[in-house]
Every structure is written in structure tokens, then in C-alpha cells.
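Reading the structure
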Amino acid sequence: MKRFDVIVIGGCASGLVAAINAHRLYPGLSIAVIEKLPRIGKKILATGNGRCNLSNETADSDRCAEYMNSEFAENAFEKYSVNKTLDFFSSLGLKTYTDSEGRIYPLSNTAASVVDAIRFNLDGTELITGVAVTDVKKQNGGFMLNGEYFCDKLIIATGGKASPSQGSDGSGYALAESLGHTVTKLYPALVPLTADAAVTKPLKGVRIHDAFITVEKNGKTIGSSRGEILFTDSGISGIAAMEIASALEKNKEKGTDIFAVIGLVPEMSKAEITDYLTSLCRENCRDCDSMLTGLVPKAAGIAVLKASGVYSPGKEIKTLTKNDIELIVDTIHHFRIKVTGTKGFDCAQVTSGGVSTKEINPGTMESLVCDNLFFAGEIIDVDGIHCGGFNLQWAWSSGLTAGELGGKAEC
Ligand SMILES: Cc1cc2nc3c(=O)[nH]c(=O)nc-3n(C[C@H](O)[C@H](O)[C@H](O)COP(=O)(O)OP(=O)(O)OC[C@H]3O[C@@H](n4cnc5c(N)ncnc54)[C@H](O)[C@@H]3O)c2cc1C
């Protein structure tokens, strides 16, 4: 049997910073990280398209409310704010920059630098890789893992169920439940939508850089976002579409139709588009196929004309009536596509739901139902609703907090 003062299960974002903080605060403790994959930090490498969007300058302030269970999360963000997190990374030797939209990246623009910075600061920690923890039992005030590793204090940082190819296969939830915790319903979040292929297939590859997308159930808006969307052969991807996925998943019921309603040109009002199209039809002789290319990509323009019922190939735009133009403008602002669901956990960036926040001390991440147990990161029922560095900031803030070990570790 191997014995440690502290074991962290999960060697990625939240678990690794928890281990570093615990070692810095309590250098006399023996600490181990157990990671099921052969190497630590695999998911970090995949983040931000390989650039690791590691935080967002607004994550801990005005946009804090845009996390699920934001009141719980606020405590960790107060302790380890964005600035304090960046100071922490600076102390690891990693410098960062902030882009014009507030997203924070490593100065090197590569996620590997983040993993390197963490890896080179784990010298006080034993890394046990290639071992999946499948069983945890309470024993003598501590914990026995897989019947082989004993620790006095345990941090579970196994992530959620999203993107299992990067290690997070949801096995941490069963460990939490076996120690008396409740896990709320789990949904894939930040994931592409699946939709009526008859509509999306002809649009495959079309990107709208600034769309306003809402998701409607029985005519009622249940989620919305603005930003880029990308049509695929089976649905809608892009940041704005991904951001409304969890609202869709949470409201999906058999027999209920859900629609994505897309404003394709939200920066122009209906009146502005009407004026633009009226003068285009008056002054130009072109056919309908290219009528909307001044506003949206050609394939999207044709889809709009078809959806508004005014399309016929080769039809000259000067033959369009005032009523036709009204129908087209309406469709540009409300392009409706029936959505069937999402691409699921395999393609999701994040899990919504997790270990109930009611059972965790928000100031320490310590379990309220099992002594000496802590949680960090996505396994907790907290998720950032937006793309842009919010979920990693939660992983860092909660991980650093858990690494304080409740402020009562004895060396
Ligand atoms: C493709 C992709 C891109 C993303 N991009 C961004 C981004 O740019 N910005 C952002 O803020 N967020 C991003 N995210 C989300 C972000 O990566 C996660 O929210 C974050 O990594 C969660 O950290 P975590 O430590 O809680 O869990 P994870 O990073 O998932 O780490 C959990 C670790 O635990 C290990 N593990 C699981 N079960 C066991 C077990 N039973 N025994 C031992 N080890 C176990 C896993 O192998 C894994 O290494 C992205 C996610 C994906 C999938």
C-alpha cells in the first residue's frame, strides 16, 4: 500500500493547480496526483483550438452571474480572481495576453506552454499516471483508493462527462456518490446542435460571423446568444450555437418541437434592410440567386429566399413585390430551423450539472457530508455558460481553493 497525506484524483486543469497550491502552502505534506491517462494535462492541450483560452478578464466580475450556480462560484472567484490566477501563472513562469474581446491566452499562443508551466512546478508531487481510480472507501478517517493508495485528505478533480476521449468519462461522479454525495442531472453543454438536415446540408460550411440565435420551445424563448455560427451537414456549430445547447438539452421533451431562430444580420434593423433591398431591386438587374450576397454568403441568401417562399431560379429581382421584400426581411431576421438535439457528450466542451453545490462549502470546496474530502473543477455543478475562458477560470479558482485543504492541513 502507498500512503500519502493528500491525493488528488485527476491530473488536468483543476487537479494540477490544487496539487501545486497544496504543496506551496504545506511543503511538508506528501502529495500524489492519480491520473488515468498516460500523461497529465491532455484536455488543456485541446483547449482554445490548441491555444488554451485560459481565462477571460470578465470571468470574476460582471459576467460571474453567467455561470450555473454563480452564487456558489463567487466565493472561489473572490479568493482566486482572474488577476490572482494570472499572478499564480506568472509565478509558474507563464505570461499571458488578453485579446480585444477579453479572452486570455498564453503569450506563446500555445496550450503546451500552459501544461509545461504546470508540469515544471509539480516537483513536490508524485505523479501516478495510467491509473484509473475505480473505488474509494473511507478508512481510519482517511480514504483507501483501489485498495492500494491511502490518503488522509482527498481532492476529486476528475472533470465531467464531456469529451471523454480526453479522459473525463464521468467516473468521478460514481466516486462522489459512493462517499455520500448527490449528483444533479447531467447535460452536455457548449456543443454543436443537430438540426433538420434538409435545411442545413445545403448550407454546409457557411459561416455567419455575427448572428443572433435564439432557441424556442412552443414559441417561447428558452435561450439566446450572439456571435458566430457555422452550418454543418447535420446541424449548427459555432460559438453562438454552442452557447444555447444546454438550454436546448434541458428543455428537450419527446413530442415537442424546438426551433433555432436565427437573426442573420442583427446589426441592421428591419427598416434598414427593407430600404437596402428596395433600392437594390430598383437599381440593379440581377437574379434572385445573388440578391442577398451583399448581406450574407450566397448559399445562406438562397436558403432565406426559399424559406420566404419567393424563390425561383433565375427570377429577376425587379419582379419582386413590396410584400415579397417584407417576407424576405422577416426571414433574414427570423430564419427558423427545427433542431433535434445536440451532438452529445462526445463532442461537448463542458458538462452542465454535477456534484450538488448544496453539499460543498463554497469557501473551501470541502465536502459537507464527508470529512477530509474536497472537490475541484467541472465535477461540481458549476459551468460557464459562455465560451471564452470561463470554464478554465472556474477550474483554476476552484482548484486553487481546494488546494488550501480547508486551511487546516497539518505538516
Ligand atoms: C475541446 C475542448 C476545448 C475547450 N476549450 C476551452 C477553452 O478554450 N477555455 C475554457 O475556459 N474552457 C475550455 N474547455 C473546457 C475546459 O477544458 C474544462 O472545463 C476544464 O478542463 C475542466 O477542468 P477539470 O480539471 O475539472 O477537468 P478535466 O480537465 O476534464 O480533467 C479531469 C482529469 O481527470 C482524469 N480522470 C477522470 N476520471 C478519473 C479517474 N477515475 N481516475 C483517475 N483520473 C481520472 C481525466 O483523465 C482528466 O485528465 C474546453 C473543453 C474541450 C473538451
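Preceding this paragraph is the structure being described.
Because the structure is predicted, anything quoted here is derived from the model rather than measured. (Residues numbered from 1 in each chain as written. Predicted model: local features only at pLDDT ≥ 70, side-chain atom pairs only at ≥ 80, totals over all residues. Heavy atoms only, no water.)

Moving on to the overall build of the protein. A count of helices and strands for the protein gives 13 helices and 18 strands. Seen along its three principal axes, the alpha-carbon backbone of the protein occupies a region of about 85 × 45 × 35 Å. Looking at the protein residue by residue over its 411 residues, the buried ones come to 56%. Relative to all contacts within the protein whose residues are 6 or more apart in sequence, the contacts with residues 24 or more apart total 75%. Accessible area of the protein: about 17200 Å², with a carbon and sulfur share of 48%. Averaging the coordinates of the 41 positive side-chain charges in the protein and doing the same for the 48 negative ones gives two points 5 Å apart. (Helix = DSSP H or I, 4+ residues; strand = E, 2+ residues; numbered from the N terminus. Buried < 20%, exposed > 50% of the residue type's maximum accessible area, 1.4 Å probe, protein only. Contact = heavy atoms within 4.5 Å. Areas by Shrake-Rupley, 256 points an atom, 1.4 Å probe, with all protein chains shown as cover. Lys, Arg positive; Asp, Glu negative; His and termini not counted. Charge placed at Lys NZ, Arg CZ, Asp CG, Glu CD.)

With that settled, consider the site of the ligand. Ser-14, Glu-35, Gly-48, Glu-378 and Leu-392 are the nearest of the 35 residues found near the ligand. At a separation of 2.7 Å, an oxygen atom of the ligand approaches a polar backbone atom of Leu-392. In isolation the ligand offers 1000 Å² of accessible surface; the protein chains occlude 95% of this area. Of all the secondary structure elements, the ones that give two or more residues to the shell around the ligand are helix H1 (13–25), strand E2 (31–35), helix H2 (42–46) and helix H13 (390–402). For the shell around the ligand, the residue count by class is 14 nonpolar, 16 polar and five charged. (Near = heavy atom within 4 Å. Polar contact = N/O pair within 3.5 Å; in protein donor to acceptor, adjacent residues only side chain to side chain. Nonpolar A, V, L, I, M, F, W, Y, C, P; charged D, E, K, R; others polar.)

Considering all chains together, one arrives at seven aromatic pairs under this definition. Between Phe-88 and Phe-89, the aromatic rings sit 5.5 Å apart at their centres with planes inclined by 70 degrees, giving edge-to-face as the arrangement. Given a relative accessible area of 8%, Phe-88 falls into the buried group. Relative accessible area serves as the criterion here: at 0%, Phe-89 is assigned to the buried category. A connected cluster of aromatic rings, assembled from ring pairs, spans Tyr-67, Phe-72, Phe-77, Phe-390 and Trp-394. (Phe/Tyr/Trp six-rings, centres within 6.5 Å; stacked < 30°, edge-to-face > 60°.)

It is worth spelling out the packing of helix H3 (residues 70–79) against H13 at this point. Interaxial distance between H3 and H13 falls to 9 Å at its minimum, and their mutual angle equals 75 degrees. When the interaxial angle is binned, H3 and H13 end up roughly perpendicular. Residues Phe-72, Ala-73, Ala-76, Phe-77 and Lys-79 of H3 form the contact with H13, whose participating residues are Gln-393, Trp-394, Ser-397, Ser-398 and Thr-401. Of the residues assigned to the contact of H3 with H13, the class counts are five nonpolar, four polar and one charged. (Axes fitted to C-alpha atoms, helices over the stretch in contact; angles between N-to-C directions. Parallel < 35°, antiparallel > 145°, perpendicular 65-115°, else oblique.)

Around the barrel, which closes on itself, the six strands sit in the order E11-E14-E13-E12-E15-E16 with antiparallel pairing between neighbours. Each adjacent strand pair in this sheet contributes to an overall mean axis angle of 45 degrees, direction not counted. Inspection of the sheet shows strand E11 (residues 193–195) paired to strand E14 (residues 235–237) by two bridges, in the antiparallel sense. Note that in E14 the partner of Thr-194 across the bridge is Gly-235. Strands strand E15 (258–263) and strand E16 (335–342) of the sheet are contacted by helix H12 (residues 322–333), whose axis makes an angle of about 110 degrees with E15. (Pairing = 2+ DSSP bridges.)

End to end, H12 covers 17 Å across twelve residues, agreeing with the expected 16 Å (1.5 Å per residue, within 8%). Restricting attention to buried positions, one finds in H12 the residues Asp-324, Ile-325, Ile-328, Val-329, Thr-331 and Ile-332. End-on view of H12: buried residues confined to an arc of 165 degrees, all on one side of the axis. In this fold, the buried residues of H12 make contact with E15, helix H10 (270–283), helix H11 (298–308) and E16. (Expected span 1.5 Å × (residues − 1). Arc of directions from axis to C-beta.)

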